[in-house]
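Each chain, written out:
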Amino acid sequence: MSLPKAVRIVEVGPRDGLQNESVSLDVATKVELIHGLADAGLQTIEAGSFVSPKWVPQMAGSDDVFKQLNPSHATYTALIPNMRGLERAIECNVKEIAVFAAASEAFSQKNINCSIDESLEKFKAVTQKAKEHNIAVRGYISCVSGCPYQGDVDHTKVSAVAQYLLEMGCYEISLGDTIGVATPDSIEALLTEILKTIEPEKLAVHLHDTYGQAIANIKQSLIMGISIIDSSVAGLGGCPYAKGASGNVATEHVIQLLNELGIEHGINLEKLNTISRTISQKLGHPAAADNGSKSRLK
Ligand code: HMG
Ligand code: MG
């Protein structure tokens, strides 16, 4: 079995996690969380989103959060739905953004109120303008393994959207199992299709853990050469437009898996577990750090 020597974690808890929490944290608490994650060794942290506050009120304070972050500690990225979002990112001196398309028409309509093709046209313009400002752009694709509204999703559609995002200038594509329905077999089939045309170095996996399969799916992805993994401290959150979907795989659980497999990651698990417990307490959840059972897969 061949595995990557090292993995890059993209911590999405402060965005994907907090966007779906019923308790809204104040700016100071968010900044403390994000700086703590950087101190634990996380080098890429999605710190918030510049979406419509009418659609996702939990992210309304993102401008103030970004303005208070110390940029020398880590790369802080922002999720952007349109040109207005990019303008806010530029005002906050953000150096990396992520645009987010879907492989499911129904989800695209529910999440960003337009078709996949319309969204890709908007993101092309956003990406061009971002490049003029030396802002790097990452691309997400939601519902790669299934959609809460339309069910099955065609792998060739995922591959086509990924190609389009790369051609418009995204440097990396994050494959989102938004509702956590993937299994190791379905991830293998999906990646087999996408890897026909895209190198593994340009792909990340973003796996929500609704049915407890995320760690097994990550192991399958590692076997297939993927070395970028999105995760959320304490397994926080979900997507407000995918009802019932639970949070991303917990970063602590991913680190435990990587430790067991002998893969480098550069993160201090003890510090991360402390952050996980603190934030879980603030949000009224049991801490993922205290529930290690899912990480025992080899
Ligand atoms: P719309 O209603 O079609 O757009 O929403 P609009 O242009 O008519 O704007 C509506 C109002 O929002 C207007 O205000 C705009 O000014 C304002 P009003 O005139 O009514 O007072 N507005 C904004 N305000 C601040 N910042 C902006 C912005 N844009 C518009 N950027 C829109 C379209 C895309 C804006 C909306 O649908 C939206 O914000 N959607 C975001 C939904 C979202 O954040 N979902 C969760 C993130 S995606 C996710 O979690 C999946 C992922 O994790 C991967 C995975 O797991 O699969 C990435
Ligand atoms: Mg997500």
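The sections below set out a description of the structure shown in this document. (Residues numbered from 1 in each chain as written. Chains lettered and ligands numbered in written order. Predicted model: local features only at pLDDT ≥ 70, side-chain atom pairs only at ≥ 80, totals over all residues. Heavy atoms only, no water.)

**Quick look at the pairing of strand S5 (residues 136–142)**
With six of its seven residues buried, S5 lies for the most part within the structure. For strand S4 (residues 96–102) and S5, the ladder comprises seven bridges, and the chain directions are parallel. Bridge pairing in S5 links Ile-97 to Val-137. In this sheet, strand S6 (residues 172–177) lies alongside S5 in parallel orientation, the contact comprising four bridges. (Buried < 20%, exposed > 50% of the residue type's maximum accessible area, 1.4 Å probe, protein only. Helix = DSSP H or I, 4+ residues; strand = E, 2+ residues; numbered from the N terminus. Pairing = 2+ DSSP bridges.)

**Some words on the environment of Gly-41**
When you line up the elements, Gly-41 lands in the loop between helix H2 (27–39) and strand S2 (44–49). Taking the relative accessible area as the measure of exposure, Gly-41 reaches 17% and is therefore buried. The residues touching Gly-41, leaving out its near neighbours within four places in the chain, are Gly-266 and Ile-267. (Contact = heavy atoms within 4.5 Å.)

**Considering the site of ligand 1**
The immediate surroundings of ligand 1 are formed by 27 residues, with Lys-54, Arg-88, Asn-113, Ser-142 and Thr-178 found nearest. At 2.9 Å from a nitrogen atom of ligand 1 is found a side-chain nitrogen or oxygen belonging to Asn-82. Contact distances for ligand 1 include 3.3 Å between a nitrogen atom and a backbone N or O atom of Gly-85. Contributions of two or more residues to the shell around ligand 1 are made by helix H1 (13–17), helix H4 (83–91), helix H5 (105–112) and S5. Among the elements that make up the shell around ligand 1, the one with the highest residue count is H4 (three residues). A breakdown of the residues in the shell around ligand 1 according to their chemical character gives 11 nonpolar, 11 polar and five charged. (Near = heavy atom within 4 Å. Polar contact = N/O pair within 3.5 Å; in protein donor to acceptor, adjacent residues only side chain to side chain. Nonpolar A, V, L, I, M, F, W, Y, C, P; charged D, E, K, R; others polar.)

**Concerning the pattern of salt bridges**
For the coordinates displayed, the defined rule picks out 10 salt bridges. A salt bridge links Asp-39 to Lys-271; the nearest nitrogen and oxygen atoms lie 3.2 Å apart. Of the two residues, Asp-39 is situated in helix H2 and Lys-271 in helix H11 (residues 269–283); the sequence distance between them amounts to 232 residues. On the basis of relative accessible area, Lys-271 is assigned to the partly exposed category, the value being 36%. Among the ionic pairs, Glu-199 bridges to Lys-202, the shortest N-O distance being 3.4 Å. Lys-202 sits in the partly exposed class, given a relative accessible area of 31%. One salt-bridge network, held together by shared partners, links Arg-8, Arg-138, Glu-172 and Asp-230. (Salt bridge = Lys/Arg side-chain N within 4 Å of Asp/Glu carboxyl O.)

**A look at H2**
With 13 residues, H2 extends 18 Å from end C-alpha to end C-alpha; this agrees with the ideal 18 Å at 1.5 Å per step. Those residues of H2 that fall on the buried side of the exposure criterion are Thr-29, Lys-30, Val-31, Leu-33, Ile-34, Leu-37 and Ala-38. Those residues of H2 hidden inside the fold are in contact with strand S1 (8–11), H1, S2, helix H3 (62–68), strand S3 (75–80) and H11. Gly-41 occupies a position one or two residues after H2 and carries a positive phi of about 110 degrees. (Expected span 1.5 Å × (residues − 1).)

**A few points about the coordination of the magnesium ion (ligand 2)**
Looking at the magnesium ion (ligand 2), the protein donor atoms are Asp-16 (OD), His-206 (NE2) and His-208 (NE2), and they sit 2.1 to 2.3 Å from it. For the magnesium ion (ligand 2), the donor residues sit on a single chain with the sequence spacing D-x189-H-x1-H. You can see Asp-16 sitting in helix H1 and its partner His-208 sitting in the loop between strand S7 (203–207) and helix H9 (214–223), a full 192 residues away along the chain. Look at Asp-16 and you get buried, because its relative accessible area is 2%. Overall, His-208 belongs to the buried group, its relative accessible area being 3%. (Donors = N, O, S within 2.8 Å, 3.2 Å for Na, K, Ca; no water.)

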